[in-house]
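Remarks on the overall topology
Spelled out from the first residue to the last, the chains are:
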Amino acid sequence: MEFTEAYKQTGSYAFSPNARFLAVAVDYRLVIRDVLSLKVVQLFSCLDKITYIEWAPDSEYILCGLYKKPMIQAWSLTQPEWTCKIDEGPAGVAYARWSPDSRHILTTSDFQLRLTVWSLVNTACIHVQWPKHGSKGVSFTKDGKFAAICTRRDCKDYVNLLSCHTWEIMGVFAVDTLDLADVQWSADDSAIVIWDSPLEYKVLIYSPDGRCLAKYQAYESGLGVKSVSWSPCSQFLAVGSYDQMLRVLNHLTWKVFAEFVHPSAVRGPCCAAIFKEVDEQLDMSELSLGDDFVQYSSDNASEAHIQVRYNVLEVPINLPSQKPPADKPNPKQGISLMSWSSDSQYICTRNDSIPTVLWIWDINHLELAAILVQKDPIRAAAWDPTCPRLVLCTGSSHIYMWTPSGAYCINVPLPQFAVIDLKWNSDGSCLFLKDKESFCCASPEILQESSDYSSDD
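Presented here is an overview of the structure given in this document. (Residues numbered from 1 in each chain as written. Predicted model: local features only at pLDDT ≥ 70, side-chain atom pairs only at ≥ 80, totals over all residues. Heavy atoms only, no water.)

1. Side note on the layout of surface pockets
Looking at the largest pocket, its volume works out to about 1,800 Å³. Considering the residues around the largest pocket, the lining is formed by 48 residues, among which V138, S139, F140, Q184 and K423 are closest to the centre. Mapped onto the lining of the largest pocket, the elements with two or more residues apiece are β7 (52-55), β11 (95-98), β15 (138-140), β19 (180-185), β20 (192-196), β23 (225-230), β31 (335-340) and β39 (421-424). A per-element tally of the lining of the largest pocket places β23 first, with 6 residues. For the lining of the largest pocket, the per-class residue count stands at 23 nonpolar, 15 polar and 10 charged. (1 Å grid on protein atoms, 1.4 Å probe; cavity = no way out; pocket = protein on both sides within 12 Å on 5 of 7 lines; lining within 4 Å. Points joined across faces, edges and corners; volume = space filled by probe spheres on them. Helix = DSSP H or I, 4+ residues; strand = E, 2+ residues; numbered from the N terminus. Nonpolar A, V, L, I, M, F, W, Y, C, P; charged D, E, K, R; others polar.)

2. A closer look at the sheet that holds strand β37 (residues 398-403)
On the basis of which strands lie adjacent, the open sheet formed by 4 strands has the order β35-β36-β37-β38 and antiparallel pairing. Strands at the two margins of the open sheet, each flanked by one partner only, are β35 (380-383) and β38 (406-411). Strand-to-strand twist across the sheet, computed as the mean angle between neighbouring axes with direction ignored, equals 20°. Of the pairings in the sheet, the one linking β35 to strand β36 (residues 390-393) comprises 4 bridges and is antiparallel in character. Residue pairing across strands places A380 opposite C393, the latter belonging to β36. (Pairing = 2+ DSSP bridges. Axes fitted to C-alpha atoms, helices over the stretch in contact; angles between N-to-C directions.)

3. A few points about the nonpolar core
Residues L246, V248, L319, I347, W359 and I371 are the most contacted members of the largest nonpolar core, which totals 23 residues. Elements with a minimum of two residues in this core: β24 (236-241), β25 (245-250), β26 (256-261), β31, β33 (357-362) and β34 (367-373). Of all hydrophobic cores here, the second largest spans 21 residues; its members include A273, F275, L337 and A370. (Core = buried A, V, L, I, M, F, W, Y, C linked by side-chain atoms within 4.5 Å. Buried < 20%, exposed > 50% of the residue type's maximum accessible area, 1.4 Å probe, protein only.)

4. Section: the side chain of T107
Along the chain, T107 turns up in strand β12 (residues 104-108). Engagement of the side chain of T107 in a polar contact is seen with the side chain of E88, the distance being 3.3 Å. Among the polar contacts listed, one links the side chain of T107 to the side chain of W118, at a separation of 2.9 Å. (Polar contact = N/O pair within 3.5 Å; in protein donor to acceptor, adjacent residues only side chain to side chain.)

5. Structural notes on the environment of Q333
Relative to the assigned elements, Q333 resides in the loop between β30 (317-318) and β31. Separated by 35 residues in sequence, Q333 and L368 have C-alpha atoms that sit 20 Å apart. Residue contacts for Q333: discarding those within four places in its chain leaves K226, Y242, Q244, P324, N351, D352 and S353. A polar contact of 3.0 Å, which involves the side chain of Q333, links it to the backbone oxygen of Y242. (Contact = heavy atoms within 4.5 Å.)

6. A short note on the sheet that holds β19
Reading across from one edge, β19-β20-β21-β22 is the order of the 4 strands in this open sheet, with antiparallel pairing throughout. What marks the edges here is a single partner per strand, and that holds for β19 and β22 (212-216). Sheet twist, expressed as the mean angle between neighbouring strand axes with direction ignored, is 15°. Summarising the sheet, β20 and strand β21 (residues 203-206) pair through 4 bridges and their orientation is antiparallel.

And the structure:
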């Protein structure tokens with residue numbers, strides 16, 4: 001894997017949907033780079049520090065959220081002289097997003113007073129009163145024709161279906177939730193999933209015309225749903241819960257066909273490969289080294305002499321777990337990190353009470369495929385959009401890769417670079433690695449599949 005040099009960043013970043021450009025915020029400047037060369041192709045100056053970046057689906061426009069101001073600025077990549085500024089005045093701006101046609105911007109005001117659809121074509125605007133959430137509660141169909149917008153009035157939750165062509169309300173239906181958490185269209189646009197707040201375990205599947213297709217409740221007492229995700233093929237719906245279990249529903253009967261537990265002690269029989277990150281002390285005493293290298297290595301002893309690799313373990317094994325305090329809200333337990341592979345065959349999860357462990361499940365065989373035991377809590381994990389390859393980071397100077405043929409530890413060859421976040425380009429050609437104040441990009445090799453597990457560094 002090849003790495004670029006480090007470049008400055010101060011927060012938000014985003015790849016363009018066409019995979020050609022990378023947008024990075026540097027204080028109040030928006031820097032647009034070419035993905036292949038990382039050369040700057042455009043530089044825009046905003047009126048305040050940039051807190052959020054989002055590309056339009058056609059990759060021609062990009063918006064910047066200046067939430068401290070608060071306002072939105074939008075720029076055109078093909079017409080650098082064109083600019084747009086959206087200011088809601090006293091209502092404020094809590095969040096902004098693009099519409100699927102790339103010609104409208106949806107903003108949510110502070111305190112969820114209203115959601116406004118702003119047209120970039122004729123400067124018209126349309127209001128939807130009382131949106132349920134700021135950044136959540138809005139979902140578009142994959143074909144870009146309809147939007148589901150959650151609202152709340154008279155102490156009841158509703159879903160409004162809007163046409164993304166005319167922005168007229170096509171239908172409104174009430175949903176059976178106490179406090180709606182979020183909404184998601186399936187990838188084939190045939191169903192809408194809605195789930196309740198953690199205080200009430202409730203997952204509801206609706207048809208686009210408002211009919212309730214299914215209602216799922218795993219248990220009644222205790223905190224409920226923590227994460228929900230459709231598989232890319234739309235055939236499976238994964239539900240992660242506070243009871244530290246992952247449940248998968250099928251799209252035919254909407255019944256649970258798989259329940260995956262995340263225990264702190266793994267016992268046999270277990271066909272999963274278990275990889276544990278360990279330090280490897282390098283013995284450099286017998287090497288003939290120059291004075292310059294000896295001076296450098298003494299200044300960077302912790303980095304120069306210690307590498308990491310994976311050991312393959314056998315069951316039984318006890319995993320490092322932590323019990324959340326019972327007297328504090330939002331306990332760190334349950335399935336919060338959950339991500340499907342692009343072919344829907346694998347799904348990775350993290351149980352927050354065992355934060356250093358990543359679980360990888362094989363949906364085709366309904367079994368645990370692998371367990372990755374890290375030294376530090378897992379910060380982020382992302383699947384290659386072109387093949388079953390998973391990359392994760394833990395805030396260290398390494399990234400970690402898993403494929404069906406093995407797991408690997410890869411050192412990032414940049415001084416004082418700790419990977420706290422990562423993201424794939426849409427075509428899988430580039431991997432963005434984020435440090436606290438800088439970033440670099442990595443070019444992964446084409447995946448060569450084999451049946452042997454490896455733990456090479």
